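# Summary of structural features
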Amino acid sequence: MKEYKTKARDCILDYFKNHCDERVTAAEVYQFLKDNGNNVNLATIYRNLDKMSEKGELLKSKNVSDGCAFYSYTEKGDSCCKHLHLQCKICGHVIHLEEDLMNVLYSYVSDKMGFSLDCKESVLMGICSNCRLEAEKEGVYACHNEQEHKAGICTCDHHVHASHS
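Residues numbered from 1 in each chain as written. Predicted model: local features only at pLDDT ≥ 70, side-chain atom pairs only at ≥ 80, totals over all residues. Heavy atoms only, no water.

If you look the protein up in an unreviewed UniProt entry, it shows as Fur family transcriptional regulator, ferric uptake regulator from Lachnospira pectinoschiza. Here is the UniProt Sequence similarities (unreviewed entry) comment for the protein, exactly as written: "Belongs to the Fur family." (UniProt positions renumbered as here; feature names shortened; annotations may be inferred.)

In any sheet, the strands associate via hydrogen bonds between backbone groups, in a parallel or an antiparallel arrangement. The strand order across the open sheet formed by three strands is 4-3-5, and the pairing between neighbours is mixed. Of all strands in the sheet, those with a lone pairing partner are strand 4 (94–96) and strand 5 (123–126), marking the two edges. Each strand axis lies, on average, 25 degrees off the axis of its neighbour in the sheet, ignoring direction. In terms of strand pairing, strand 3 (residues 85–88) meets strand 4 through three bridges, oriented antiparallel. Within the sheet, the bridge partner assigned to H85 lies in strand 4 and is H96. (Pairing = 2+ DSSP bridges. Helix = DSSP H or I, 4+ residues; strand = E, 2+ residues; numbered from the N terminus. Axes fitted to C-alpha atoms, helices over the stretch in contact; angles between N-to-C directions.)

Tallied over the full model, the rule gives two salt bridges. E57 is the salt-bridge partner of R9, the closest N and O atoms lying 2.6 Å from each other. Taken as a pair, R9 in helix 1 (residues 7–18) and E57 in the loop between helix 3 (42–54) and strand 1 (58–62) lie far apart in primary sequence, 48 residues in all. Taking the relative accessible area as the measure of exposure, R9 reaches 9% and is therefore buried. Using a relative accessible area of 18% as the deciding quantity, one classes E57 as buried. (Salt bridge = Lys/Arg side-chain N within 4 Å of Asp/Glu carboxyl O. Buried < 20%, exposed > 50% of the residue type's maximum accessible area, 1.4 Å probe, protein only.)

Here's what the structure looks like:
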């Protein structure tokens, strides 16, 4: 099937190249394009995202809890299918785990557990160092629930330090 180069596809690809360390929804792409004067139909965005995912230009993943689809740019085609990703649940920043670590993980999981790892849609959620530092400056503990800290049942370093201050 012949693929046509369209303005909508170019705008979407440009968006992802400029947001390459983020996982975003189709609605976020739509809103950004709309805010920047690109009148692109949401159905067109979904169609392009699916085609780009099939070609390996984007990595499509879904939240297990709600099935919401997220997309991220894969500069090297399907290379994102061979490693895990870390995603900050505050800012959305995506970090790609290094190949050396993945080799150790693949070996361990395979040799010790007899498990074949499929990283295509694997994302570990947490909080990046920037968001964690920002939250701590504001007196909010990004690593745990604020109520745990107030109740004294949190065992993280922040709580220990805070109780000694």
